[in-house]
Amino acid sequence: MLMLLVGGVAYAVYALRVDEIRVTGVRTLDPRQVIEASGLKGGERILWIRLSSIARRIEMLPSVESVTAERSFPQTIVLNVSERRPLVRLGGRGGLAVDAQGYVFPSSVASIPILEGWRGRGRPGTLVDRASIVVLRAYAEFPERLRTEAARLVVGPPMQLVLRDGTEIRFGFHVDLVEKARAAEAVLAEESGTKLAYVDVRAPNVPVSRKREPPTPVPTSAPAPTPGPAASPEPAAARETPPAASPF
């Protein structure tokens, strides 16, 4: 019996080979790109594969946050991929996004706000600066309404969040940002239907807002009168010739 068991294990080690590679969890990545990064070609002995090494190779893709690799006997490797979630677009770098941890990676999502005032190399696989990371981590916890309506996120300081309708949310320094965001949401809810120029929450306990001024009408000069037809000049009065003096 023992010899049969040893023989079965030896057979499995040498005979069971990878025949299928299955990728799950991808949203924007091409599964073929994941397989290529894994280094698997098919035909490898399934029991000899180091799954942790495969996962680390795939995690080198900037868009990938984490990976787990599993064996599914007899001949399948399953790669479970968790992609990074784009939080903002990187201003001045088309096609790049940043997640809540400040990690830069390619993304085509256009419905998220633009990050302005960031620093760093701005290349896939790198991090933005520390101040931007502080702002991004707080922004990820902002009320949903603010994140849904956000158009631009300015790092600063002073930090600002500009909504799609042009309203500025003024945060000031990078402290108590989530508390300030909740105060701003309360003001927006109270002023629903009113067009605001800004909401100042530098002091979240005493927020200040200002209504948007209607545009000042620009005075226009009165149109010049339309010239009529030119008047005909009056004929010069005929000069009367005095009668010639009589010689008599």
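This text goes with the structure placed above it.
Now for a quick tour of the structure. In this text, all values refer to a predicted model and were calculated from it rather than measured experimentally.

### Considerations on the pairing of strand 11 (residues 196-200)
Most of strand 11 sits inside the fold, with four of its five residues counted as buried. Direction of pairing for strand 10 (residues 168-172) relative to strand 11: parallel, over a ladder of three bridges. Bridge pairing in strand 11 places Ile-169 opposite Val-199. Handedness of the crossover joining strand 10 and strand 11 through helix 6 (residues 177-190): left-handed. The pairing of strand 11 with strand 12 (residues 208-211) spans four bridges and is antiparallel. Bridge pairing links Leu-196 to Lys-211 in strand 12.

### Quick look at unusual backbone geometry
Glycine aside, residues mostly have negative phi, and peptide bonds are mostly found in the trans state. Note that the residue after Phe-73, namely Pro-74, is joined by a cis bond; omega there is 15°. Secondary-structure assignment places Pro-74 in the loop between strand 2 (64-72) and strand 3 (76-83).

### What about a nonpolar patch on the surface?
A contiguous nonpolar patch, built from Leu-47, Trp-48 and Phe-73 and spanning about 330 Å² of accessible area, is present on the exposed surface. Mapping Phe-73 onto the fold places it in the loop between strand 2 and strand 3.

### Some details on the pattern of salt bridges
Taken as a whole, this structure holds seven salt bridges when the rule is applied. Measuring nitrogen to oxygen at the nearest pair gives 3.6 Å for the salt bridge that ties Glu-20 to Arg-22. By relative accessible area, Glu-20 is classed as partly exposed at 35%. Taking the shortest distance from any N to any O, the salt bridge between Asp-99 and Arg-84 comes out at 3.0 Å. Taken together, the residues span a long stretch of sequence, with Asp-99 in the loop between strand 5 (96-98) and strand 6 (104-106) and Arg-84 in the loop between strand 3 and strand 4 (88-90) at a distance of 15 residues. Look at Arg-84 and you get buried, because its relative accessible area is 13%.

Conventions and cut-offs
- Residues numbered from 1 in each chain as written.
- Predicted model: local features only at pLDDT ≥ 70, side-chain atom pairs only at ≥ 80, totals over all residues.
- Heavy atoms only, no water.
- Buried < 20%, exposed > 50% of the residue type's maximum accessible area, 1.4 Å probe, protein only.
- Helix = DSSP H or I, 4+ residues; strand = E, 2+ residues; numbered from the N terminus.
- Pairing = 2+ DSSP bridges.
- Right-handed = clockwise from strand over helix to strand, strands pointing away.
- Patch = residues over 30% accessible without salt bridge, like charges linked within 9 Å, V, L, I, M, F, W, Y side chains within 5 Å.
- Areas by Shrake-Rupley, 256 points an atom, 1.4 Å probe, with all protein chains shown as cover.
- Salt bridge = Lys/Arg side-chain N within 4 Å of Asp/Glu carboxyl O.

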